[in-house]
Each structure stands twice: as structure tokens, then as C-alpha cells.
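Results of the structural survey
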Amino acid sequence: MSARYGMVIDLDRCAGCGACMVACAAENNVPPASPRATPRTGLTPMLVRKVSNGMEGTARREAFIPITCMHCGNETPCVSVCPQQAVEVDKSTGIVMQMPQRCLGCRYCMAACPYHARYFNWWDPAWPVGMEKSLNPEVAVRMRGVVEKCNLCHARLHSAKEKAAAAGRKEIDHADYIPACVEACPTGAILFGDLSDESDPVFSAAHFPNAFRLLARLGTEPNVYYKSEQAWVRALAERDTERATEGKHV
Amino acid sequence: MSDLLLIDRRWIARGVERTPTMRFVLWLVPWVALLALGIYAAGLCLYYGLNQTNMDNRFAFGMWIFLDLAIIAMGAGAFFTGFLVYILKQADLKPILNSAVVLGFICYSGAVAVLMVDVGQPLRAWFTFWYPNTHSMLTEVTFCISCYLLVLILEYIPVLLRNRQLRKVPSFLVFEHQLHKLVPVLAAVGAFLSFFHQGSLGGLYGVLRGRPFAFRQGFAIWPSTFFLFILSAIAVGPSFLILVTATAETLTGRQLVQPSVFRKLGFISGLLLALYVAVKAIDTLVWLNITSPSLGFGPRDYYSYWPLSSTFLFAVTVPLGLLPALLLIMPTTARKRGWLLLGAALACAGVLLNRFVLTVQTLALPTLAFDQFLRYIPSWQEVATFGGVIAYGVIVYSLSYRYLPLFDPPKGAGKHVSLG
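About the thresholds
- Residues numbered from 1 in each chain as written.
- Chains lettered and ligands numbered in written order.
- Predicted model: local features only at pLDDT ≥ 70, side-chain atom pairs only at ≥ 80, totals over all residues.
- Helix = DSSP H or I, 4+ residues; strand = E, 2+ residues; numbered from the N terminus.
- Rg over C-alpha atoms; globule rule 2.2 N^0.38 Å.
- Contact = placed C-beta atoms within 7 Å.
- Buried ≥ 20, exposed ≤ 12 C-beta atoms within 10 Å, placed from the backbone.
- Nonpolar A, V, L, I, M, F, W, Y, C, P; charged D, E, K, R; others polar.
- Core = buried A, V, L, I, M, F, W, Y, C linked by C-beta atoms within 7 Å.
- Expected span 1.5 Å × (residues − 1).
- Bend = angle between axes of the 7 residues up to and from the residue.
- Pairing = 2+ DSSP bridges.
- pLDDT = per-residue confidence, 0-100.

1. Details of the overall build of chain A
A count of helical and extended segments in chain A gives 8 helices and 10 strands. The C-alpha atoms of chain A give 18 Å as radius of gyration, which agrees with the globular expectation for 250 residues (18 Å, within 12%). Viewed in the frame of its principal axes, chain A has a C-alpha envelope of about 50 × 50 × 35 Å. Pairs at least 24 residues apart make up 62% of the contacts formed inside chain A by residues separated by at least 6 positions.

2. Some remarks on the overall build of chain B
The secondary structure content of chain B amounts to 14 helices and 2 strands. Since a compact globule built from 420 residues should have a radius of gyration of about 22 Å, the 22 Å found for chain B is in line with a globular shape. Relative to its 420 residues, chain B shows a buried fraction of 48%. Long-range contacts, defined as pairs at least 24 residues apart, comprise 78% of the intrachain contacts of chain B with a sequence gap of at least 6.

3. Remarks on the interface of chain B and chain A
With 34 residues of chain B at the interface, the matching set in chain A holds 45 residues. Within the residue set of the side of chain B that touches chain A, elements represented by two or more residues are α5 (127–130) and α6 (137–160) of chain B. Residues of the side of chain B that touches chain A, tallied by class, amount to 15 nonpolar, 14 polar and 5 charged.

4. Quick notes on the nonpolar core
If you look at the biggest cluster of nonpolar residues, it comprises 193 residues, and the most contacted ones within it are Cys109(A), Ile190(A) and Val236(B). Sorting elements by how many residues they give to this core places helix α8 (residues 224–252) of chain B first, with 15 residues.

5. Looking at helix α7 (residues 170–206) of chain B
In a regular helix each residue adds 1.5 Å, so 37 residues correspond to 54 Å; α7(B) covers 51 Å between its end C-alpha atoms and thus fits that length. Of all bends in α7(B), the biggest is about 45°, found at Val183(B), and the proline Pro184(B) comes one to four residues later.

6. Here we look at the environment of Ala344(B)
Residues and elements named next belong to chain B. Within the secondary structure, alanine 344 sits in helix α13 (residues 337–364). A C-alpha to C-alpha distance of 9.8 Å links alanine 344 and leucine 265, two positions 79 residues apart in sequence. Once you skip the residues sitting within four places of it in the chain, alanine 344 turns out to touch Ser239, Ile242, Leu243, Gly266, Ser269 and Leu328.

7. Some thoughts on the sheet that holds strand β10 (residues 224–227) of chain A
Residues and elements named next belong to chain A. Strand order in the open sheet formed by 4 strands is β8-β1-β10-β9, and the pairing between neighbours is mixed. In this open sheet, the two strands that pair with only one neighbour each are β8 (190–194) and β9 (211–212). Both β9 and β10 contribute to a ladder of 2 bridges, which runs antiparallel. Across the sheet, residue phenylalanine 212 finds its bridge partner in β10, namely tyrosine 226.

8. Quick look at unusual backbone geometry
The phi dihedral of His116(A) is positive, around 55°, even though this residue is not glycine. Mapping His116(A) onto the fold places it in the loop between α3 (108–112) and β6 (119–120). Phi angles above zero are rare outside glycine, and Ala220(B) is one such case at about 55°. Within the secondary structure, Ala220(B) sits in the loop between β1 (218–219) and β2 (222–223). In this structure Ala220(B) comes out as exposed when scored by C-beta crowding, with 5 C-beta atoms within 10 Å.

9. A short note on the environment of Thr187(A)
All names here are of chain A. As for its placement among the helices and strands, threonine 187 is situated in the loop between α5 (180–184) and β8. Using a count of 12 C-beta atoms within 10 Å as the deciding quantity, one classes threonine 187 as exposed. Taking the C-alpha atoms as reference, threonine 187 lies 13 Å from phenylalanine 64; in sequence the two are 123 residues apart. With residues up to four places along the chain from it excluded, the contact list for threonine 187 reads Arg13, Cys14 and Ala15.

10. Digging into the environment of Leu152(B)
Residues and elements named next belong to chain B. Position of leucine 152 among the secondary structure elements: in helix α6. Residues leucine 152 and isoleucine 242 lie 90 residues apart in sequence; the distance between their C-alpha atoms is 20 Å. Beyond its immediate stretch of four places on either side in the chain, leucine 152 contacts Ala78, Val101, Gly104, Phe105 and Tyr108.

11. Here we look at the confidence of the model for chain B
Residues and elements named next belong to chain B. For chain B, per-residue confidence averages 90 on the pLDDT scale, and residues scoring 70 or more make up 96% of the total. For chain B, per-element mean pLDDT is lowest for β1, which scores 86, and highest for helix α1 (residues 21–48), which scores 97. A low-confidence stretch, residues 410–420 (pLDDT under 50), is modelled with 34 contacts involving residues beyond four sequence positions or located in other chains. On the interface metric, ipTM, the complex scores 0.91, and its pTM is 0.92.

Structure follows, in C-alpha cells:
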């Protein structure tokens, strides 16, 4: 099996409801935030950001950009820096994996990530009494002092593999492997699939004329694409601030 | 000095004057208090976790990393003086060598102690040796700093064993004698290890492709910051040694080394600093005109945020770069103690600012167009932990000065106002 899993997120469809964030947290046993947590110390492997064209009144335009690990495919910034190989790219899936069991908590990978998509466990994980019954048994809880990030719901990939093996198949059925955020999005804004498979809808979506990637010029080849019909959104993502403030629609 | 006032006389070398014991104890009291506060703060961080700090997911590194990089650069005086004395045969610098070794030991052991608090899982520190990622600059830093700290301990032991009472133990004397024979070898090994880890500390940020403010092209696997950090560390190490020794002279009221030693160290420091400023200027021009634009970032993305504007770039280059280099090189200023010390202080401040810019400014700057410029103020636990390291340094240096032959031969001016 050789795939390059990725996403195409349609920003014109994203309503900013945050269902993807909730689904991600529930699926991956992200603990409730500590009362002392701030927006900068929380655990949000999927984070919906609100952006605008910077204008006021009728010229103002707003959009939502879900940010998650981009699973960079080239010179993956967080992999080469980790001193103890706690981060690696799974060559068979293209997924950038984090091994919390081996993480020292030095946070060098967090400094290296241009998308700020890595999170540190600043507190001991704790759930209100009774809520621990809702934990996902397929996913290990991470301890205090280690880094975590989106792993494209790797536990679901394992389940899909087990199902395929039980059925005597070598390849998984793509319908069996859908990350929680993709499943939860009420507007179907997130398309997930194998970017290396030309027959996969995600492949053609990634090659859509209005598809783009964040900070593409860094050369890290992210496997998360976005698309938008709005020129200012594309310009903002490409750091073209002049076009981003024009607020023109295509 | 009467034995009544100098109740630890038996531990002090013969023929040297030291301040009364009570006065020395009073000098240590505030530093011990600061050390105790530092240990308490570090204990809070270890017990409750790094939520005791003001670092966060965006400001993943904070004050500790900045000051660690800074004191390791300052501690470069140890390996570089050893390199000058034993490899380049600059024997006239030998009188200051023991002091340099103690200073290096303090800087490196203090930095390692803070690093152990700074990681989320200190008990997993050995993982880096067990599962090393040979592509990571941090692996290189960890290996070299650990090995070099061992070298510094081995260099410090002979100094320690020359204490008046410890010399009475025959096996210690033999051990010290044998270890002393190894010192030139240790100096060579120390120099090799230090060149590498000083460079790797620069490489830590220079390899960050995702942080265009820090990312640099370079030679082979090393970004230009690798070489710049080596150069700046060996430039500032001797200056820091001058500053500490001059401070010790002021506090003890004694001349500890000949002024010619200061002038020579100052000249070497100034010359290297001038070279560093020249290379740094070229590097900055290449970065601003070629490397950074190729990643989609321009000067406006870096220097339009107050207070981390281009003023810092100017400050590092001119008033804290070229100016101290000139003060330390020019005979007219280098001959005058005041100008020499000012030059050394400005040189140290320049490298401090350089380390601040690379560590803190890099993380404060946004990368995504819709991100904000961040501010970060360290928590009291962060400040106190580092204060504890400073206190530890002062205590170790004071004890070493009082009980060990740091400056050989001691130049007693006969004053009895020593704080050491």
C-alpha cells in the first residue's frame, strides 16, 4: 500500500461552526482545557481561524480557515529537528507521525512548524468524573510534557487495515478511513483522500484552478490544500497583502 | 589576619590574604537565598509542569533558551583560552586559565541544569542518546555539550584538588598530578567539541526553513549561522573573561592578573569581533536579498514590529559590534582599563542581543499572513530559576576564588578588603 493522504478544504463552504474541532477532540481524547489555559496554551489539533480582508463596512469580507498539521511532503520541518526521532513521515501514507511515548518535550518541532500546528501538553490530562467513560479506547491519552498534533486519525486507519485484513484484502476500502473532522463537517467542506491517486476526487480537487496551499513558497509541499473562489482569500494565504486587502471577488 | 577572624584559615592556601570568614559568609547569604528561590521555582516547574511558565504553543521557547544560548557563548572563554594556551602556545595567558575553566564549568553546568527544567519530560533526556536523530542540530548540541561538560569537570578537578587540605590526601595528589598531564589533551578535545556545539546552537535556528527570519543558506549541511555562532562565541568569550576577572579584582581589591593579559585577551576579542561583524553584514545582505525573498518574505515582514525593529539589527552591528571591536583593538583605548572594560561589556551585550534576536524575535514574528506579532513576558518562575543559576555561578566562583588557586601566582596587594 502506498498512498499520500491529504485534504482539500473548501473555504467558501466553511461556516466556521467548529464541528471539526469538537469531533477531533472527541476522537483523539483531547482533555478539556485547564481553567488556566489560554488560547495559546490549548490543545487544538484542528483549529478554525477567522480571517478578514482588513476592510470595514460593506467592503469587509470574512472567511474561516481550518488549520491542522499540513503533513508536509518535502523537507518536513518538524521531522529533521527532533533530536530523538519522535517524529517521522510514514512513507506508505504520507502521514507525519508523532510518537508521544518518545517525545522529550523539547518543543523544537513546535518552533520549526511554520503553521503553528503542533501543541504541547502544558497540563496533566484530566476529565470530569464520568466523562472518562466517553474516551475513545482506540486512542492513547497523552501525558503532560509532550507534543502532539493531528495524525489524520491514525487509529481509524488502523481499524480500516484490520477490517481489510479480516476480509482477506491487502488494500483498505477508502470508505473505511475517514478522519473525524471530515466526517463531522456539516457542509462537506473537507475532502479527504489519496492525493497520489488520480481517480480519487481529492486529486482533482487539489488541481482545481483555485486550489492553493499555505506558505507554498517555503517548499515544504503541504498535503493539505485549500480552495476558494475569492481572490482575496487566496492572496491572503499566499501572503500577497496588496491583493488580500482589495476584497475583490472573482 | 588573626585566626579568630579567619576560622577557615586551614582551607586557604598559604601566603594569600582572604577576607574574614564572617564577611565572606555575609557576601554569600543573598546569593544562597537567590539560589534557594531558584531551586524552589525550578521545583514548581518540575512538579506542576511547564504551565508554571509563560511559554505557550507559539512561544515554545522563551527566556531560558535565550539565556542558555547567551551563557554558553559567554562560557566560550574556557575552551578558547585553553585553545590559545595549549594549542597556539600563548603561554602568557596561562595565569587566567584556571579562572576561565571555572567560569566555563559554571556556564555550562548552569545551562544544562536549566535545560533539564526546560524540557517537558526531563527523565527522558537519555532518549536522545538512545534514539539519536543524526539530522537534528539539537542532537549534536546535546552530545557535544554533555561531552564538553565532562571535559570541564575533568579540567576543574585538578584545580579543586590543589586545595590546601585536599592536597594532604596522597591519593588525591597523585590523581591530580596524573590528571594535570591530561590537561593539554582535554583542552584540545574541549576545543573540538566546543567549536561544534557553539556552531550547532547557531544551526538550531538556521535550519528552520519554516522560520524565514532565522533560515539561512550555508555550506554543506551547516547554515551560515553555524559559523557565525562559532565566531561570535570565540569573540565574546575572552571579553566575558575580562569582565568577570575585572569584577573579581574590584570586589577583592587585588590585582589578579597583569594588565597585559587583559590587553591581549581584549585584542583577540576585538579582532574576532571585527571579523564577525564583517561576515555577519555579508550574511545579512545575502539573507535579505536572496534567501528570504525566495521563501516569500521581505524585510517588511520582519522589521515593522515595535520594539523588535531594524534598530536591533543596527545595534548589533554598530554600537555593540564595530564600536567595541575598535575599543578593544586600538592601542590608545585598549591601554586604558575603563575603555577596555567598556569595550568588553559592549561586546558581551552585542552577543546577548544577537542571541535574543535569533531566539525570541524569530518566534514573535508571524509566518501566516493572518497571524499576529506575539508578545511574551516570562513568569516569575522562569526569572527565579535563571536567577538561581546566576547565584549558583557567583557562589561557585566565590568559593573557588577563596579556597583554590584560581590565579597563579596570586598578586596580593596587601589589602584586607577581599570579598573572596
